[in-house]
Every structure is written in C-alpha cells, then in structure tokens.
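Each chain is listed here by its residues.
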Amino acid sequence: MASYKGLGGEGAAAPVPHVLAVDDSSVDRAVIAGILRSSKFRVTAVDSGKRALELLGSEPNVSLIITDYWMPEMTGYELLKKVKESSRLKEIPVVIMSSENVPTRINRCLEEGAEDFLLKPVRPADVSRLCRRVLR
C-alpha cells in the first residue's frame, strides 16, 4: 500500500505556492514574475485587477496576490478591497507595489488588510523576504 506524505490524497505533497502577479505594465509584470519563478513559485501574471478577479473566480489555489497600485479600470487598492470583502478570498495575502512612496497611500493599503507594500523597482531580496514571511 502506498504511503502519502502530507494530508493524503492526490497532489497532497507540499504544493508549490501559486502567486498571482497583477500589473498593467508588461515590463514590471515580467520582472516580478521572473523574480518569483526564480524563487521556485508558480506564477500567473495578469494585466488588470478585473482579470485578477476573473482568475480568482476559477483558480482556488492562489497563495499570494502581488499587485501594482496604479492600474486602469481598477487600482490595486480596489482589488485589495474586493479580495478582503470576499468570504472566499479574504484569507489570501495581498501585497501592493508602487513606484510612488506616498505614506498616506501605503498606510491606507495596510489598514485595509494589505500584507505589505513594496516600492518599485522590486528587488529579488524584497520578494524572497516577503515570501518567507507571508508564505510560511
């Protein structure tokens, strides 16, 4: 009889954390996805908060959302609020990124439930520190 590590059942052996990266800039999206993938995370990258919500509706196993603050249609702050208002999604940690260091904006995001706020350009050390802390 086969023995299973973890909780048992198919695919139960320590799944690779799945990170949803949201940024309207293709360059920033590629940078953050590359950093995350080099840290051995599974990454899905989308270009808007709206697309992120669509994906979250069909993909139940997202471990972390990392999103840009300024995006057309829906800001990262609005995405954060929608995630935290959802009984199904509210436990997913959300990290906001921005190139603008605006303390009131940073505090507002943290008060609304963001796990952290990263200033761009995001560095590999920022991401590995964050993921060790958030995905423990």
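Given the structure is predicted, the values throughout are model-derived calculations rather than measurements.

Novice: Explain the nonpolar core to me, using residue names and the numbers behind them.
Specialist: Leu20, Val22, Leu56, Ile65, Ile96 and Cys109 are the most contacted members of the largest nonpolar core, which totals 23 residues. Put simply, the parts of the chain that give this core at least two residues each are β1 (18-22), α2 (49-58), α3 (76-85), β4 (94-98) and α4 (103-111). The element best represented in this core is α3, accounting for 4 residues. Setting aside anything within four residues of it in sequence, one finds Val22 in contact with Val46, Ser48, Gly49, Ala52, Ile65, Ile66, Thr67, Asp68, Met71, Leu79 and Met97.

Novice: An account of the packing of aromatic side chains is needed here, citing residue identities and associated values.
Specialist: Note on aromatic pairs: each is described by the distance of the centres and the angle between the planes. Applying the stated criterion across every chain, the model contains 1 aromatic pair. Measuring from ring centre to ring centre gives 5.2 Å for Tyr69 and Trp70, while their planes differ by 90 degrees; the resulting arrangement is edge-to-face. Here Arg108 stacks its cationic end above the ring of Tyr77, 4.0 Å away from the centre of that ring.

Novice: Lay out the pattern of salt bridges in plain terms, naming residues and giving numbers.
Specialist: Evaluated as defined, the whole model comprises 8 salt bridges. The salt bridge involving Arg105 is made with Glu100; its shortest N-O contact spans 2.6 Å. Residue Glu100 is classed as partly exposed on the basis of its relative accessible area, which comes to 34%. With a shortest N-O distance of 2.9 Å, Arg123 and Asp126 are connected by a salt bridge. Note on Asp126: relative accessible area 10%, which makes it buried.

Novice: Residues and numbers for the UniProt feature "modified residue: 4-aspartylphosphate" (unreviewed entry) in the chain, please.
Specialist: Taken from the UniProt record, the annotation "modified residue: 4-aspartylphosphate" (unreviewed entry) applies to Asp68. Among the residues examined, Asp68 registers a relative accessible area of 6% and is labelled buried. Beyond its immediate sequence surroundings of up to four residues, Asp68 is in contact with Val22, Asp23, Asp24, Gly76, Met97, Ser98 and Lys120.

Novice: Got a sec to walk through unusual backbone geometry? Specific residues and values, please.
Specialist: Cis rather than trans, the peptide bond between Lys120 and Pro121 has omega equal to 0 degrees. Counting through the fold element by element, Pro121 comes out in the loop between β5 (116-119) and α5 (124-134). Of note in this structure, Lys40 is not a glycine but carries a positive phi near 70 degrees. Along the chain, Lys40 falls in the loop between α1 (26-38) and β2 (42-46).

Novice: Describe α3, and please don't skip the residues or the numbers.
Specialist: Residues Gly76, Tyr77, Leu79, Leu80 and Val83 constitute the buried set of α3. End-on view of α3: buried residues confined to an arc of 160 degrees, all on one side of the axis.

Novice: Provide a residue-level description of the pairing of β5, including the pertinent values.
Specialist: Note: β4 against β5, 4 bridges, orientation parallel. Following the sheet pairing, Met97 is matched in β5 by Leu118. As a crossover connection, the stretch from β4 through α4 into β5 is right-handed.

How each quantity is defined
- Residues numbered from 1 in each chain as written.
- Predicted model: local features only at pLDDT ≥ 70, side-chain atom pairs only at ≥ 80, totals over all residues.
- Heavy atoms only, no water.
- Core = buried A, V, L, I, M, F, W, Y, C linked by side-chain atoms within 4.5 Å.
- Buried < 20%, exposed > 50% of the residue type's maximum accessible area, 1.4 Å probe, protein only.
- Helix = DSSP H or I, 4+ residues; strand = E, 2+ residues; numbered from the N terminus.
- Contact = heavy atoms within 4.5 Å.
- Phe/Tyr/Trp six-rings, centres within 6.5 Å; stacked < 30°, edge-to-face > 60°.
- Lys NZ or Arg CZ within 6 Å of the ring centre and 35° of its normal.
- Salt bridge = Lys/Arg side-chain N within 4 Å of Asp/Glu carboxyl O.
- UniProt positions renumbered as here; feature names shortened; annotations may be inferred.
- Arc of directions from axis to C-beta.
- Pairing = 2+ DSSP bridges.
- Right-handed = clockwise from strand over helix to strand, strands pointing away.

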